[in-house]
Every structure is written in C-alpha cells, then in structure tokens.
Amino acid sequence: CVMIDGCVHQGCDVLALELFMQMLDEEIEPDNAMYSCLLKACGLARAIIEGKLLHNQIVVCGRETNGIIGSALIDMYTKFGSLDDSIKVFGRLQDRDVVCWNTIIAAHMQRERFSDALQLFEIMHKEGVKPDRYICSCMLKVFANMRNVEQGKYVHDEIIRNRLESDEALWVSLIDMYATCGKMQEANHIFHDLKEKNRVAWGALITGYALHGDICSAFKYFHEMQEQGVAPDETLMLCLLKTCSGSRQVRHIHRHIMQSKFDSHIDIANALVNVYQKAGNLFEAHKVFDGIPNKDVVSWNTIISG
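These figures come from a predicted structure and were not determined experimentally.

About the criteria used
- Residues numbered from 1 in each chain as written.
- Predicted model: local features only at pLDDT ≥ 70, side-chain atom pairs only at ≥ 80, totals over all residues.
- Heavy atoms only, no water.
- Helix = DSSP H or I, 4+ residues; strand = E, 2+ residues; numbered from the N terminus.
- Rg over C-alpha atoms; globule rule 2.2 N^0.38 Å.
- Buried < 20%, exposed > 50% of the residue type's maximum accessible area, 1.4 Å probe, protein only.
- Contact = heavy atoms within 4.5 Å.
- Areas by Shrake-Rupley, 256 points an atom, 1.4 Å probe, with all protein chains shown as cover.
- Lys, Arg positive; Asp, Glu negative; His and termini not counted.
- Charge placed at Lys NZ, Arg CZ, Asp CG, Glu CD.
- Axes fitted to C-alpha atoms, helices over the stretch in contact; angles between N-to-C directions.
- Left-handed = near helix turned anticlockwise from the far one by under 90°.
- Nonpolar A, V, L, I, M, F, W, Y, C, P; charged D, E, K, R; others polar.
- 1 Å grid on protein atoms, 1.4 Å probe; cavity = no way out; pocket = protein on both sides within 12 Å on 5 of 7 lines; lining within 4 Å.
- Points joined across faces, edges and corners; volume = space filled by probe spheres on them.
- Phe/Tyr/Trp six-rings, centres within 6.5 Å; stacked < 30°, edge-to-face > 60°.
- Lys NZ or Arg CZ within 6 Å of the ring centre and 35° of its normal.
- Expected span 1.5 Å × (residues − 1).
- Salt bridge = Lys/Arg side-chain N within 4 Å of Asp/Glu carboxyl O.

### Topic: the overall build of the protein chain
- Along its length, the protein chain carries 19 helices and zero strands.
- Relative to the globule expectation of 19 Å for 306 residues, the C-alpha radius of gyration of the protein chain, 24 Å, shows a markedly less compact shape.
- Overall, the C-alpha framework of the protein chain stretches about 75 × 45 × 30 Å when taken along its three principal axes.
- Looking at the protein chain as a whole, 49% of its 306 residues qualify as buried.
- In the protein chain, of all internal contacts separated by at least 6 residues, the share reaching a separation of at least 24 is 58%.
- Split by element, the accessible area of the protein chain, about 16,100 Å² in all, is 51% carbon and sulfur.
- Between the centroid of the 31 positive side chains of the protein chain and the centroid of its 40 negative side chains there is a distance of 8 Å.

Next comes the structure, spelled out in structure tokens:
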C-alpha cells in the first residue's frame, strides 16, 4: 500500500496500477484509502479500462456508496470526460459530505455547466451541508460567469457565517466576482480591506474597471500596482491593451511589456500591433510587427488591416 501510494504521489501512475495487479495476485484486499489512491492513478493515467474494472470490483465489494471512494470515482470519471458517470456515482452515495459535493460541483464547472452547478449548490444547502473554502471559491466563479451577483452575495454571507474570513484567497475570489458583475464599489471595498494584495487581487480589480469602461480607474490602479512592486501577468497586460484609447496609454503599456519581457508572447505582440494601428500610429505598429519572430495569421491580418 505504501509503495502504491508513493508511486501515485510521484506521478508514476502506470507503475502504481502494475503494483496493484501484483497485489491482487497475492490475494491482498485493498482498503478504502487504497481504492481511492488507485482511482486517482487511473484518472491521472487516463486508464479508462482499468478504471472501470476497478469500479466493478468496488461494486462487488459493496464499497461504492462510501464517501471517500465515491469522491474518488467522481473525480476519475471527470478526468475521463464522462460527466454522466460522475453523476450516476454521486446519486448512489449514501452519506454525501462536503468533499463529495465539492467534487461533483467541480466536475460540472469543468464542463462549464454553471446552471447545473448552481442547482447542486442549492440542493447541498437544503441538505444542511455547510460549504467549505473550496466550494465557496468554486461557486463564486460560477456566479461570476453567470453574472449572478445576488447569489454571489449569498456566498459572501456564507463565508462570514462560517467564519472563513481569514482565507485571503476567498476574498480575492469575492473581488473577482463583484468586479466581473460590475459591482466595483463592493470589489473596491474588499480589495482595500485585504492585508496582503497579491498579483491576482490587483488583476481582478483592474480587469473589472477595464471591462466595465472605467479606463481612468483601471490605469490608476495599474500605476499603484507598479509602485507597490507587484508585477502584472500576461492576462492583465492583454486586458489593458484592449482598453487602450490613445498612443500615450499604449506606449506606457508597451514599455512595461518590454521590461517584463512579455514582447515574446505572440498574443501580446499581436495586441500591440492592433492598438497602435487603431491609434493611427502605423510606424510603431510596423515596428512591433517586424519584431515578431514567428508571425501567425493574426499578425498578418492585423498589420494588413491597419
């Protein structure tokens, strides 16, 4: 058991399954923890046949309704891309704890079935299962995608009610949810209450302002972010480039892109060409275009359009 568990944790999933077969040859029956470990190995290795054989053995042993094994089965079938099998396993579980709910809701989110994830969250609430940090974070992403700020506020209340305020990652998820839904006052309030403002928190707030047309506030916080010594990521740079309305803003972002060595990223280079040509600065657009080492069809389309 220790050897198989070690193989799974080291990413040697195929070897773990080979050891399991050897274990069966020696007529040693796995316990719940071992079944869970092996299901994880099958999922990571995309070993569909072995995973289904293992599932059949679990059914024969009468362990399918166990919460630990059930969660591992749901996760395995999710990795196989079989949401229907995940749902069937979940429906047969007798004691559905918060881990089981986390796993099935995450499975729906991976397939972007946000409405179904919301329904599951509501059923979970009716069954009296208290959400944990993970499920609160998942649901905030769901409500951000659905632009459902009212349900997002409900999760916010749940975070406070269950005393999860100390988890700063959750506060960042809240900033993102409110900002995506256009509730910038709420997002700003939470942002300023954060003790440690990391790159993700800055990015969520700035992106929110940019996406909802408040370009002045977006660049204001971008400057503050730089002054605090926090480096933006590629996603934020692309977002700001799409909102640039003049050559001055473009040049400022361009300088930061050069300093951060983002100019080698094809998406950012193409966006730079696009904003320069839209601002009427074809000289700079051509300069950036000429510096792209591996031009794709977007690069050519953009410069020809300009």
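### What about the packing of helix α14 (residues 215–227) against helix α15 (residues 234–243)?
- With their axes 11 Å apart at the nearest point, α14 and α15 run at an angle of 145° to one another. α14 and α15 meet at a crossing whose hand is left-handed. Contact residues: Ile 215, Ala 218, Phe 219, Phe 222 and Met 225 in α14; Leu 236, Met 237, Leu 240 and Thr 243 in α15.
- Of the residues in the contact of α14 with α15, the class split is eight nonpolar, one polar and no charged.

### Concerning the layout of surface pockets
- The space that makes up the largest pocket amounts to roughly 280 Å³.
- For the largest pocket, the lining is made up of 14 residues, of which Asp 176, Gly 203, Ala 204, Thr 207 and Thr 235 are closest to its centre.
- Broken down by element, the residue count for the lining of the largest pocket peaks at seven residues, all from helix α13 (residues 199–211).
- For the lining of the largest pocket, the residue count by class is six nonpolar, five polar and three charged.
- Approximately 210 Å³ is the volume attributed to the second largest pocket.
- As for the second largest pocket, its lining consists of 13 residues, and the residues nearest its centre are Asp 263, Ala 269, Val 288, Gly 291 and Ile 292.

### Regarding the environment of Ile 104
- Its location among the elements puts Ile 104 in helix α7 (residues 98–110).
- The buried category is assigned to Ile 104, whose relative accessible area is 1%.
- Not counting residues up to four positions away in its chain, the partners in contact with Ile 104 are Ile 74, Ser 86, Ile 87, Phe 90 and Leu 120.

### Concerning the packing of aromatic side chains
- This structure, assessed with the given rule, holds nine aromatic pairs.
- For the ring pair Phe 191 and Trp 202, a centre distance of 4.9 Å and an interplane angle of 75° mean the geometry is edge-to-face. Here the residue Phe 191 occupies a position in helix α12 (residues 184–193), and Trp 202 occupies one in helix α13, the gap between them amounting to 11 residues.
- For Phe 191, a relative accessible area of 1% corresponds to the buried category.
- Connected via pairs of aromatic rings, a cluster forms that spans Phe 191, Trp 202, Tyr 209 and Tyr 221.
- The side chain of Lys 220 reaches across the aromatic face of Tyr 221, ending 4.2 Å from its centre.

### Here's the deal with α14
- Spanning 13 residues, α14 covers 18 Å between terminal C-alpha atoms, matching the ideal 18 Å at 1.5 Å per step.
- Of the residues making up α14, those classed as buried are Ile 215, Ser 217, Ala 218, Phe 219, Tyr 221, Phe 222 and Met 225.
- One or two positions beyond α14, positive phi appears at Gly 229, with a value near 80°.

### Regarding the pattern of salt bridges
- As enumerated under the stated definition, the model contains eight salt bridges in all.
- A salt bridge links Arg 96 to Glu 127; the shortest N-O distance between them is 2.7 Å. Remark: Glu 127 occurs in the loop between α8 (114–126) and α9 (133–146) and Arg 96 occurs in the loop between α6 (83–92) and α7; sequence separation between them is 31 residues.
- Assessed through its relative accessible area of 23%, Arg 96 is described here as partly exposed.

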